[in-house]
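Residue-level structure breakdown
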Amino acid sequence: MRKEINFNHDWLFHKGDIIVPPPIDKGSVYSGAKIERKLVGPAAYNYSDIAQHRQPGVEPKNDGWDKVILPHDYIVNQDNDKTQNVSHGYFKYENAWYRKHFTFDEDVKNKRVTLQFEGVAGKSEIYLNGCLLKRNFSTYNSFEVDISNNIYYDKDNILAVYSNTEDFEGWWYKGGGIYRNVKLVITEPIAIDLYGVYAPYIKLDDEAWQINFETTILNDSYEDAEVEAVSYIINSKGEEISFGGGKGEIPLREKGVLKYSATVKNPEIWDIDSPIQHTVKTVLKRNGEIIDETYTKIGFRTFYADPDKGFFLNGRHIKIKGVCGHQDFGLAGLALPDNIAKYRIKLIKEMGANGFRTAHYQHGNATMDALDELGFIVMDECRWFGTDEDSITHLTTLVKRDRNRPSVFFWSTSNEENAHITDVGERVHKALYQVIHKLDSTRFITAAEDKTPIDSFIFDYCDTIGINYRLDFYDAVHKKWPTKAILGSECGVAPSSRDWHFPNKPGRASSYDKELFSYFLRRQETWDFINKRDYVMGMYQWVAIDHRGEAEWPMLSSKSGSFDMYLQKKSSFYLNKANWTDTPMVHIVPYWNFKGLEGEEIRVTVYTNCDEAELFLNEKSLGRLPKTLGECIWYVPYEAGKLSVKGYKNGEDVAYDQRITTGSPQRLKLTLNETCIADGSQCALFTCEALDENGTPVPDASEFVEFFTGEGAKILGTGSDPCDHTAVTEPNRKMYMGKISIAVRPDVGCKGFELYAKSEKLGYCKIKVNL
């Protein structure tokens, strides 16, 4: 039976290339031209990566090899350097090696053994026992390596992975290393293939749904095999509600597809408001004996796109309120822990978003799982727009991995390609369309085009049309392609810095939403434009979370997110919430600490979804204003005290918010934002604030704080100011605008830990976390 083993632990890591002098004798060249290609150097079996005494009395050395746990990004662990590339985060990129020692029992003989890598940064090479087994040429695709024939059973096996980051695949932070999870999978030689269960369905009538299974079986044995696959559909309560199965012969050393169907009556429906999933348990039998078993999540839903009326899900009109997102995490680079991946999606959902675009590549499994579980409309995008073998392989992997996901509604072949308005782009997109369609014909195929969309060469071969930014072309494109619904695949760029309420300066952008260009409108104008056009299905706003790269020194990240790169909310979070949610809310911008500016007019913006808002200063009304595009604006002469607001719907007071002028910081406070499990890979996330004598957070506090833990956990990273050029791995951090984010990684099996914060002026504080 199948075994899946977490392979994230006990890795050795070496940053930088290891120079191996080229051989000058025939024997070395001859021996290195056999199956075991690497006889010297870090990929070689006999390479020394363990601590050893070089000479008596000398400390043990291991030539720079350190123990690490995956996911691991080694690029982010350095200070920023202004001389390095702006798009890639102002980091020096180096190559690196990983090695792992492990053993197998005799009972693994005659099994199929594979390694599944979710992601290795850059160009990677995978070696086992000196044998080159895989080259991969992209940071973003997952891949599988069959190691069955190269295993040792009588001694250590040594896995070596090379991460080469010399070339770049984008204009954003790329990171380095084995930055996603690795899994060891052991099966019988005859097994269900990776992503082998495909479960498309059709709705037959008001009650019945038919699943038309295509289950891919691989036969790595040396004889033809008669097999049977049976798929059981299990509802959210754990009840088996239907099943179907099929039989067939799979030729030796080949793959085959078994097709069969199952009918499901009245299943629970997956929807963005109730994302209920079902589980498909598929068992593989030979001679009546179960030899393999897998589990696949699916969700029952219907959808269509009307070219004049927009997007419909389960018969209900839905306007897509989406965001785009990169995958990096400010405190750990590309090494995004699984629990933080889900936490990010929860924050985006809290903002009112119902859509997510995986800009501009295959995102990790944990992110995709969260999008399924929390109810999003996903535009799933591939990295490379090409018909070469590698690009097709990466696209195929993306589609096979995600084609059962209920959250995925759109496949995107590409983003902002110059070729979109050329005949080359037409041919490439047309070919990619067919690749996707053969793998999955149940979702829309599109692309994100930002050049003059009216001149597009690809829209004829899109199911729906995706336009980045160019609002000035929407109506003309709709007129030219009247049978295709349009989607704002990227729009609404508006740079801002968290809680910066002053004019722009290097590294800071005012937190008030602003227009960049005529077709880069503010968020609220963009949403108003989209919302007024029924033929537009919705939008994906750029961007959910500030990401490293695409910056301008001294800034280290983009500025267009609704969260900063350390996952603290920015003002635009509340603007989106005002436009995208219904529960009455009001939110005041800015804070109310402006000592020295008494009598000066301060712009006060209230983001609200109420009909009207009334502002008060020290209990005196400053007037009641109707909402316009999610906001009300006053200009208020500064006076210390309490600034408050009431929101009204249908004349009734339904929402409240306030800002208090605080005193000076008196003590520190730690808050747990997201907990974790102690598997060595996840981390807990905290916020540190400074409080005044009344216990009120001081919004503009700038304390210097030292963080440390008790036994059982380690500081993974700290961050506050996106203009702070000190490595995030440093445990000491100066506070920017009253908040510092801290990530703590518990040791494996840790039952609980304590996090401490210390400031010279404010003393100590502590928080205890039980796991």
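Structural data are supplied above this passage.
What you are looking at is a predicted structure, and each value in this text was computed from that prediction instead of being measured.

The subject of this paragraph is the overall build of the protein chain. Looking only at helices and strands, one finds 8 helices and 44 strands in the protein chain. The C-alpha radius of gyration of the protein chain comes to 28 Å, within 12% of the 28 Å expected for a compact globule of 771 residues. Dimensions of the protein chain, computed from the C-alpha atoms along their principal axes, are close to 85 × 80 × 50 Å. Within the protein chain, the proportion of its 771 residues that are buried is 59%. At a minimum sequence separation of 6, the contacts of the protein chain that also span at least 24 residues come to 69%. With an accessible surface of roughly 31,000 Å², the protein chain has 48% of that area assigned to carbon and sulfur atoms.

This part is about the nonpolar core. Within soluble globular proteins, side chains that are nonpolar tend to cluster in buried spots. If you look at the biggest cluster of nonpolar residues, it comprises 133 residues, and the most contacted ones within it are F117, F311, I348 and F410. Among the elements that take part in this core, helix α2 (residues 338–350) stands out by supplying 6 residues, more than any other. Filtering out sequence-adjacent residues up to four positions away, F117 remains in contact with I126, S142, F143, V145, V161, I178, N181 and V182. Counting 26 residues, the second largest nonpolar core, distinct from the first, contains A684, M735, I740 and F753.

Within the secondary structure, I35 sits in the loop between α1 (26–31) and β3 (66–68). Take I35: its relative accessible area is 61%, and that puts it in the exposed class. With residues near it in sequence (within four places) discarded, I35 still touches G130, C131 and N150.

The strand order across the open sheet formed by 4 strands is β1-β10-β5-β8, and the pairing between neighbours is antiparallel. Of all strands in the sheet, those bounded by a partner on one side alone are β1 (3–6) and β8 (143–146). For this sheet, the mean inter-axis angle between neighbouring strands, taken without regard to orientation, is 25 degrees. Judged from the 4 bridges that link them, β1 and strand β10 (residues 182–187) form a sheet pairing that is antiparallel. Bridge pairing links N6 to K183 in β10.

On to the side chain of N354, then. The topology assignment puts N354 in the loop between α2 and β23 (355–357). Engagement of the side chain of N354 in a polar contact is seen with the backbone oxygen of K319, the distance being 3.2 Å. In contact with N354, other than residues within four places in its own chain, are I272, I318, K319, I320, K321, G322, G375, F376 and I377.

For helix α4 (residues 389–402), built from 14 residues, the straight-helix expectation of 20 Å at 1.5 Å per residue is met to within 8% by its first-to-last C-alpha distance of 20 Å. Those residues of α4 that sit buried are S391, H394, L395, T396, T397, L398, V399, R401 and D402. Buried residues in α4 make contact with β7 (131–136), β11 (190–198), α3 (365–374), β24 (377–381), β25 (408–415) and α5 (423–439). N-cap assignment for α4: the residue whose side-chain oxygen lies 3.3 Å from the backbone N of D390 is D388.

Here we come to the packing of aromatic side chains. On inspection of all chains with the given rule, the structure shows 45 aromatic pairs. For the pair F303 and F444, a centre-to-centre distance of 5.4 Å together with 85 degrees between the ring planes defines the contact as edge-to-face. Here the residue F303 occupies a position in strand β19 (residues 303–306), and F444 occupies one in strand β26 (residues 444–449), the gap between them amounting to 141 residues. Members of the aromatic cluster, each reached through a chain of ring pairs, are W270, F303, F311, F409, F410 and F444. R603 extends its terminal NZ or CZ atom over the ring of Y512, reaching a point 4.2 Å from the ring centre. Its end group placed over the ring of Y648, R624 keeps NZ or CZ at 3.6 Å from the ring centre.

The relative placement of two packed helices is expressed as an angle between their axes plus a distance between the axes. In contact at an axis separation of 10 Å, helix α7 (residues 523–531) and helix α8 (residues 571–580) are set at 25 degrees when each is read in the N-to-C sense. When the axes of α7 and α8 are compared, the pair comes out roughly parallel. Here α7 and α8 pass one another in a crossing that is right-handed. The segment α7 lies against α8, with R523, Q524 and W527 engaging S572, L575, N576, N579 and W580. By residue class, the composition of the contact of α7 with α8 is 3 nonpolar, 4 polar and 1 charged.

Extensive coverage of strand β38 (residues 684–691) is indicated by the burial of 8 of its 8 residues. Of the two faces of β38, the one carrying A684, F686, C688 and A690 and the one carrying L685, T687, E689 and L691 are both buried. As paired elements, strand β37 (residues 667–674) and β38 share 7 bridges and run antiparallel to each other. Bridged to L668 within β38 is A690. Relative to strand β42 (residues 740–746), β38 is paired through 5 bridges, and the arrangement is antiparallel. Each bridged residue has a counterpart across the sheet, and for T687 the counterpart in β42 is S741.

Turning our eyes to something else, we now look at the packing of α4 against α5. Running from N to C, α4 and α5 point in directions that differ by 35 degrees, and their axes come no closer than 10 Å. For α4 against α5, the interelement crossing comes out right-handed. Residues I392, L395, T396, V399 and K400 of α4 form the contact with α5, whose own contacting residues are L432, V435, I436 and L439. A class-by-class count of the residues in the contact of α4 with α5 yields 7 nonpolar, 1 polar and 1 charged.

This next bit is on the state of the cysteines. For the structure shown, the criterion picks out 0 disulfides. Counting only cysteine sulfurs, C676 is the nearest neighbor of C683, a cysteine outside any disulfide, at a range of 6.6 Å.

By secondary structure assignment, the location of T215 is in strand β13 (residues 208–219). A polar contact of 2.8 Å, which involves the side chain of T215, links it to the side chain of Y260.

Tallied over the full model, the rule gives 47 salt bridges. Between E144 and R112 there is a salt bridge whose closest N-O contact spans 4.0 Å. Remark: R112 occurs in strand β5 (residues 112–117) and E144 occurs in strand β8; sequence separation between them is 32 residues. Judged by relative accessible area, E144 falls into the partly exposed class, the value being 23%. Residue classification places R112 among the buried residues on the basis of a relative accessible area of 13%. A cluster of three or more residues bridged by salt bridges with shared partners is formed by D369, D372, R401, D402 and R405.

Let us look at unusual backbone geometry. With an omega dihedral of -15 degrees, the bond running from A359 to H360 counts as a cis peptide bond. The residue after W553, namely P554, is reached through a cis peptide bond having omega 10 degrees. Structurally, P554 can be placed in the loop between β29 (536–541) and α8. Within the chain, Y90 stands out as a residue other than glycine whose phi angle is a positive 60 degrees.

Take the environment of W527 next. When you line up the elements, W527 lands in helix α7. The spacing of W527 and H14 is 513 residues in sequence and 48 Å in space, taken between C-alpha atoms. Excluding residues within four positions of it along the chain, W527 makes contact with K319, I320, K321, M539, N579 and W580.

The subject of this paragraph is a nonpolar patch on the surface. Together, V20, L39 and V40 line one region of the surface with nonpolar side chains, adding up to about 230 Å² of accessible area. With respect to the element layout, V40 can be found in the loop between α1 and β3. Overall, the relative accessible area of 55% leaves V40 in the exposed class.

Here is what the cut-offs are and how they apply
- Residues numbered from 1 in each chain as written.
- Predicted model: local features only at pLDDT ≥ 70, side-chain atom pairs only at ≥ 80, totals over all residues.
- Heavy atoms only, no water.
- Helix = DSSP H or I, 4+ residues; strand = E, 2+ residues; numbered from the N terminus.
- Rg over C-alpha atoms; globule rule 2.2 N^0.38 Å.
- Buried < 20%, exposed > 50% of the residue type's maximum accessible area, 1.4 Å probe, protein only.
- Contact = heavy atoms within 4.5 Å.
- Areas by Shrake-Rupley, 256 points an atom, 1.4 Å probe, with all protein chains shown as cover.
- Core = buried A, V, L, I, M, F, W, Y, C linked by side-chain atoms within 4.5 Å.
- Pairing = 2+ DSSP bridges.
- Axes fitted to C-alpha atoms, helices over the stretch in contact; angles between N-to-C directions.
- Polar contact = N/O pair within 3.5 Å; in protein donor to acceptor, adjacent residues only side chain to side chain.
- Expected span 1.5 Å × (residues − 1).
- Phe/Tyr/Trp six-rings, centres within 6.5 Å; stacked < 30°, edge-to-face > 60°.
- Lys NZ or Arg CZ within 6 Å of the ring centre and 35° of its normal.
- Parallel < 35°, antiparallel > 145°, perpendicular 65-115°, else oblique.
- Left-handed = near helix turned anticlockwise from the far one by under 90°.
- Nonpolar A, V, L, I, M, F, W, Y, C, P; charged D, E, K, R; others polar.
- Disulfide = S-S within 2.5 Å.
- Salt bridge = Lys/Arg side-chain N within 4 Å of Asp/Glu carboxyl O.
- Patch = residues over 30% accessible without salt bridge, like charges linked within 9 Å, V, L, I, M, F, W, Y side chains within 5 Å.

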